[in-house]
Amino acid sequence: MDSRKIILMAGALIVAAITAFFARTLMTGSATAPAVAGPAPSVVVDGPGVLVATRTLPVGTILDATALKFQPWPKELVENAYYIQGKTDMKSLQGTVVRNAITAGQPVTQGALVKPGDRGFLAAALGPGMRAVTFPVSAQTSVAGFVFPGDRIDLVLTQQVAGGGEGQPLKVSETILRNVRVLATDQRTENLPGEDGKTEVRTFGTVTVEATPRIAEQIAVAQTVGALSLSLRSIADNAGELEEAIASGAVDVPADAKAEKAMLLRMAAQPQSGASTYATGADVSRFQRSTVPSKAAPAGGMPGMPGAPGAAYPGSAPVVTGPIVRVARGNNVTVVPVGGKN
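Since the model is a prediction, treat every value here as computed from it, not as a measurement.

Quick notes on the rules
- Residues numbered from 1 in each chain as written.
- Predicted model: local features only at pLDDT ≥ 70, side-chain atom pairs only at ≥ 80, totals over all residues.
- Heavy atoms only, no water.
- Helix = DSSP H or I, 4+ residues; strand = E, 2+ residues; numbered from the N terminus.
- Buried < 20%, exposed > 50% of the residue type's maximum accessible area, 1.4 Å probe, protein only.
- Contact = heavy atoms within 4.5 Å.
- Areas by Shrake-Rupley, 256 points an atom, 1.4 Å probe, with all protein chains shown as cover.
- Salt bridge = Lys/Arg side-chain N within 4 Å of Asp/Glu carboxyl O.
- pLDDT = per-residue confidence, 0-100.
- Polar contact = N/O pair within 3.5 Å; in protein donor to acceptor, adjacent residues only side chain to side chain.
- Expected span 1.5 Å × (residues − 1).
- Arc of directions from axis to C-beta.
- Pairing = 2+ DSSP bridges.
- Core = buried A, V, L, I, M, F, W, Y, C linked by side-chain atoms within 4.5 Å.
- Patch = residues over 30% accessible without salt bridge, like charges linked within 9 Å, V, L, I, M, F, W, Y side chains within 5 Å.

## Observations concerning the overall build of the chain
- Assigned secondary structure in the chain consists of six helices and twelve strands.
- Within the chain, buried positions represent 28% of all 342 residues.
- In the chain, of all internal contacts separated by at least 6 residues, the share reaching a separation of at least 24 is 65%.
- In the form shown here, the chain has an accessible surface area of approximately 22,100 Å², with 58% of it arising from carbon and sulfur atoms.

## Side note on the pattern of salt bridges
- Applying the stated criterion across every chain, the model contains four salt bridges.
- For Asp 154, the salt bridge goes to Arg 233, with nearest N and O atoms at 2.9 Å. Pair noted here: Asp 154 is in strand S6 (residues 152-161) and Arg 233 is in the loop between strand S9 (227-232) and helix H5 (235-248), with a separation of 79 residues, a long-range link. The residues Asp 154 and Arg 233 share a single accessibility class, namely buried.
- Two residues, Glu 217 and Arg 214, come together in a salt bridge whose shortest N-O distance is 3.5 Å.

## Concerning the confidence of the model for the chain
- Per-residue pLDDT for the chain has a mean of 77; in total, 71% of the residues score no lower than 70.
- For the chain, H5 is the element with the lowest average pLDDT, namely 63, and helix H4 (residues 213-225) is the one with the highest, namely 93.
- When the criterion is pLDDT under 50, residues 299-317 qualifies, and its contacts beyond four places in sequence or with other chains add up to 27 contacts.

## Examining the environment of Arg 181
- As for its position among the elements, Arg 181 is in strand S7 (residues 170-185).
- For the pair Arg 181 and Pro 271, spaced 90 residues apart in the sequence, the C-alpha separation amounts to 7.5 Å.
- Other than its neighbours up to four places away in sequence, Arg 181 contacts Gly 60, Thr 61, Ile 62, Ala 125, Leu 126, Gly 150, Asp 151, Arg 152, Thr 208, Val 209 and Glu 210.
- A polar side-chain atom of Arg 181 sits 2.5 Å from the main-chain carbonyl oxygen of Ala 125.

## Some words on H4
- Here H4 contains 13 residues, and its C-alpha end-to-end distance of 19 Å stays within 8% of the 18 Å for a straight helix at 1.5 Å per residue.
- Within the span of H4, buried status applies to Ile 215, Ala 216, Ile 219 and Ala 222. Angularly, the buried residues of H4 cover 120 degrees about the axis, an arc narrow enough to put them on a single face. In this structure, H4 carries Arg 214, Val 221 and Thr 224 as exposed residues pointing more than 90 degrees from its buried face.
- Buried residues along H4 sit against strand S5 (131-136), S6, S7, strand S8 (206-211), S9 and strand S10 (272-280).

## Thoughts on the pairing of S7
- Of all the 16 residues making up S7, 13 are buried; the element is thus mostly covered by neighbouring parts of the structure.
- Bridge count between S7 and S10: six bridges; the pairing is antiparallel. Along S10, the bridge assignment pairs Thr 175 with Thr 277.
- The pairing of S7 with S8 spans four bridges and is classified as antiparallel. Pairing of Val 182 across the sheet is with Val 209, part of S8.

## Concerning the side chain of Thr 280
- Among the structural elements, Thr 280 can be located in strand S10.
- Apart from the residues lying within four places of it in its own chain, the contact partners of Thr 280 are Leu 170, Lys 171, Val 172, Arg 289 and Ser 290.

## Brief notes about the nonpolar core
- Formed by 21 residues in total, the largest nonpolar core has its most connected members in Phe 135, Ile 153, Leu 155, Val 207, Val 209, Ile 219 and Leu 230.
- When contributions to this core are tallied by element, the ones reaching two or more residues are S5, S6, S7, S8, H4 and S9.
- Listed in part, the 13 residues of the second largest apolar core include Ala 53, Leu 57, Tyr 83 and Leu 113.

## Some words on a nonpolar patch on the surface
- Taken together, the side chains of Ile 14, Ile 18, Phe 21 and Phe 22 make up a nonpolar region of the molecular surface, amounting to roughly 440 Å² of accessible area.
- Note that Ile 18 resides in helix H1 (residues 3-28).

## Quick notes on the environment of Ala 279
- Position of Ala 279 among the secondary structure elements: in strand S10.
- Overall, the relative accessible area of 29% leaves Ala 279 in the partly exposed class.
- Considered as a pair, Ala 279 and Lys 171 are 108 residues apart in the sequence and their alpha carbons are 8.6 Å apart.
- For Ala 279, the residues in contact, after removing those within four places along its chain, are Lys 171, Val 172 and Ser 173.

## Remarks on unusual backbone geometry
- You will see that Asn 179, though not glycine, has its phi angle at about 60 degrees, which is positive.
- Here Asn 179 lies in strand S7.

## Considering the environment of Lys 75
- Among the secondary structure elements, Lys 75 is positioned in the loop between strand S2 (68-72) and helix H2 (90-93).
- Sequence-wise, Lys 75 and Pro 48 are 27 residues apart; in three dimensions their C-alpha atoms are separated by 6.5 Å.
- The residues touching Lys 75, leaving out its near neighbours within four places in the chain, are Asp 46, Gly 47 and Pro 48.

Have a look at this one:
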């Protein structure tokens, strides 16, 4: 073989080896370090603080200190109707009522709130189809002034039920209404802070509550029957009672999440009547009655004396001796003595 061809073949092999080496180096490459996510750059809003809602505020909501906060807002989006930080007194907005619904995070406009003393304030505080009812209370029946506008209460009716006998009347208390919202105490609709900055507790003589037309009629009648007392409700009671109603099938939960949320809010704000609970005097003292006193005993004996004519034990029907006539009027049967010898 010619030496020139051998040299050319050897050179070609060397070039091929060098090319293969560099190609492998390029394909393999060096191991790259894993990417590490850095902290997201903080967005600085160039604008003043604007008053926004911390939660969804339906129409008629009485505002407290936790319902609003200041949040930076782009200055090009600031409207004249917004409440601006440094120019707004937060304390003056406590006790105001939401006229138009405000979603969480939405700026609060001055036209969306109604202040106490403004025209239409109480009407704005009422929900659709609701009424405002005022009735008198005392320091003992109003939780010593620890009930404030916006709280929810139960109404307890205390009365004495007289019978036909000479015994003591039946003393009974009954929870007639539940989950009733307080609109005002006396003529105050806001929770005023004291000198120490905490809400000032004051006793009051009247309370105004939100009620349906039917419940408003029941409250009006209850005032003539006996004394009304306020029973302050816990915030957690509404959720517990709603869960029991759902579990028993009394409340149907919609499949749509948005409709379910609206239903829960509506049920939590609805006052309830019926299915009342009660306690009689015998529940707290063995010397009190548990039933209505019996009718008056007929002449001929000491009423209430065992063995005497017409004797009757407390809570039992009077005993009648001699001939009698039973008169039936529908489902009612009346025993009438007609005299005669035993």
